[in-house]
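Remarks on the overall topology
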Amino acid sequence: GGDHGDALGRGEDERARLKRKESCDVTTLEKAKINKLFKVIFTLYILLNYDSGAIPAVLKKIRDDPAFQMPPWALGLLGGLQYIALCCMSPFVGKLLLRVNIKKMMCYALCLNTVFCFAMSQSVNSAMLLLCRFGVGLSQASIIQIVVKSNCKCISLQAHCFKKS
């Protein structure tokens, strides 16, 4: 009697394993989509972090430039303002992502990020520089959440497909 129950249990396990394997077979088209997604995410990370290296590189010039006249606390604020904006905007972006087309939102956010980065490079005073830095953080909030959402989908698919049998 016990062997018969074990055989049924193993049969169900085998069917579940085969069903999981079938749902996880990756076609050439899916591989191409995954490669494209990887390239997009890689490029986005480069664009998002471009200004993070630019600010420390020019901090001494900003401090010494008479047009900016920024005290040390304002220079510190300049470094962190992007992250303050990102934290302020993230809750709103999360709700917005549920209501709008993600591709359109990504395009708008990338365009805004580009505009704010360019405006930051052309800043003529400290107020404009701080405002542009804040704008960079605002635009990055949606980009980061979209990338994280994409990564979570890929990770959950991997967890489902590569579960130990």
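Throughout, residues of each chain are indexed from 1 in the direction in which the sequence is written. Totals for whole chains, interfaces and linings use all residues, but because this is a predicted model, local features are given only for residues with pLDDT of at least 70 and pairs of side-chain atoms are given and counted only at 80 or more. The side-chain values count all of the structure's non-hydrogen atoms but skip hydrogen atoms and water molecules.

Take the overall build of the chain next. By the criteria applied, helices consist of DSSP H or I runs no shorter than four residues and strands consist of E runs no shorter than two, each listed in order from the N terminus. Counting secondary structure elements, the chain contains five helices and zero strands. Reading the chain from its N terminus to its C terminus gives the helix and strand order α-α-α-α-α. Counting over 165 residues, the chain shows a buried share of 26%. Contacts are assigned to residue pairs with any non-hydrogen atoms lying within 4.5 Å of each other. Once local pairs closer than 6 in sequence are excluded, the contacts in the chain between residues at least 24 apart make up 78%. Here the accessible surface of atoms and residues is derived via Shrake-Rupley with a 1.4 Å probe, and residues count as covered only by protein chains that are part of the display. Only carbon and sulfur atoms are counted for the fraction: they give 67% of the accessible area of the chain, which is about 11,600 Å². The classification of residues rests on relative accessible area computed with a 1.4 Å probe and restricted to protein chains. Under 20% of the type maximum is buried, over 50% is exposed, and intermediate values are partly exposed.

Our next topic: the nonpolar core. Where a protein is soluble and globular, its nonpolar side chains tend to be buried together. Judged by nonpolar contacts, the single largest core of 13 residues is most densely connected at Ile62, Phe68, Met70, Leu78, Met120, Leu129 and Leu130. Of all the elements in the fold, those that place two or more residues in this core are helix H2 (28-64), helix H3 (72-97), helix H4 (102-121) and helix H5 (126-161). Here this core takes four residues from H3, the largest share from any one element. Aside from chain neighbours lying at most four places away, what touches leucine 78 is Ile55, Leu59, Ile62, Met70, Leu129, Leu130 and Arg133. Residues belong to a common nonpolar core when they are buried Ala, Val, Leu, Ile, Met, Phe, Trp, Tyr or Cys residues joined through side-chain atoms within 4.5 Å. By size, the runner-up hydrophobic cluster in this structure holds 12 residues, among which are Ile41, Leu44, Met106 and Ile143.

Following the sequence through the fold, serine 142 ends up in helix H5. Among the residues examined, serine 142 registers a relative accessible area of 6% and is labelled buried. Identification of polar contacts relies on pairs of N or O atoms within 3.5 Å, with a donor-acceptor requirement for protein atoms, meaning one able to donate a hydrogen and the other able to accept it, and with residues adjacent in sequence counted only if both atoms are side-chain atoms. A distance of 3.3 Å separates the side chain of serine 142 from the backbone oxygen of serine 139, its partner in a polar contact. Residues in contact with serine 142, not counting those within four places in the same chain, are Val93, Met105 and Ala109.

Attention now moves to unusual backbone geometry. Its identity is not glycine, yet glutamine 69 carries a phi of approximately 45°, on the positive side. Within the secondary structure, glutamine 69 sits in the loop between H2 and H3.

Below, the discussion takes up the pattern of salt bridges. Opposite charge on two side chains permits pairing when their charged atoms draw close. Salt bridges are defined as contacts in which a side-chain nitrogen from Lys or Arg sits within 4 Å of a carboxyl oxygen from Asp or Glu. Counted under the stated rule, the structure contains one salt bridge. Between aspartate 64 and arginine 63 there is a salt bridge, with the nearest N and O atoms lying 3.3 Å from each other.

The topology assignment puts glutamine 82 in helix H3. Among the polar contacts listed, one links the side chain of glutamine 82 to the side chain of arginine 133, at a separation of 3.0 Å.

To continue, consider H4. Working rule for helices: expected span equals 1.5 Å times residues minus one. Across its 20 residues, H4 extends 28 Å between first and last C-alpha, which sits within 8% of the 28 Å expected from 1.5 Å per residue. Three or more residues of H4 are buried, namely Met105, Met106, Ala109, Asn113, Cys117, Ala119 and Met120. Down the axis of H4, the smallest arc covering the buried residues is 160°, so these residues share one side. Projecting away from the buried face of H4 at angles above 90 degrees are the exposed residues Lys103, Lys104, Tyr108, Cys111, Thr114, Val115 and Phe118. Of the residues that open H4, the one with a side-chain oxygen 2.9 Å from the backbone nitrogen of lysine 103 is asparagine 101. Relevant arc is that of directions from the helix axis to the C-beta atoms, nothing else.

Three- or four-residue spacings in an α-helix give side chains the same orientation, since the helix completes a turn every 3.6 residues. With 26 residues, H3 should cover 38 Å at 1.5 Å per step; its first-to-last C-alpha distance of 37 Å lies within 8% of that length. What the bend at a residue measures is the angle between two axes, fitted to the seven residues ending there and to the seven starting there. Of all bends in H3, the biggest is about 50°, found at glycine 80. Within the span of H3, buried status applies to Ala74, Leu75, Leu78, Leu81, Gln82, Ala85, Leu86, Ser90, Val93 and Leu97.

To count toward a patch, a residue needs a relative accessible area over 30% and no salt bridge; like charges are then connected within 9 Å, while nonpolar side chains (Val, Leu, Ile, Met, Phe, Trp, Tyr) are connected within 5 Å. On the surface, Phe38, Phe42 and Ile46 cluster together to form a nonpolar patch covering roughly 350 Å² of accessible area. Residue position: phenylalanine 38 is located in helix H2.

Purely spatial values, then, with no claim about function.
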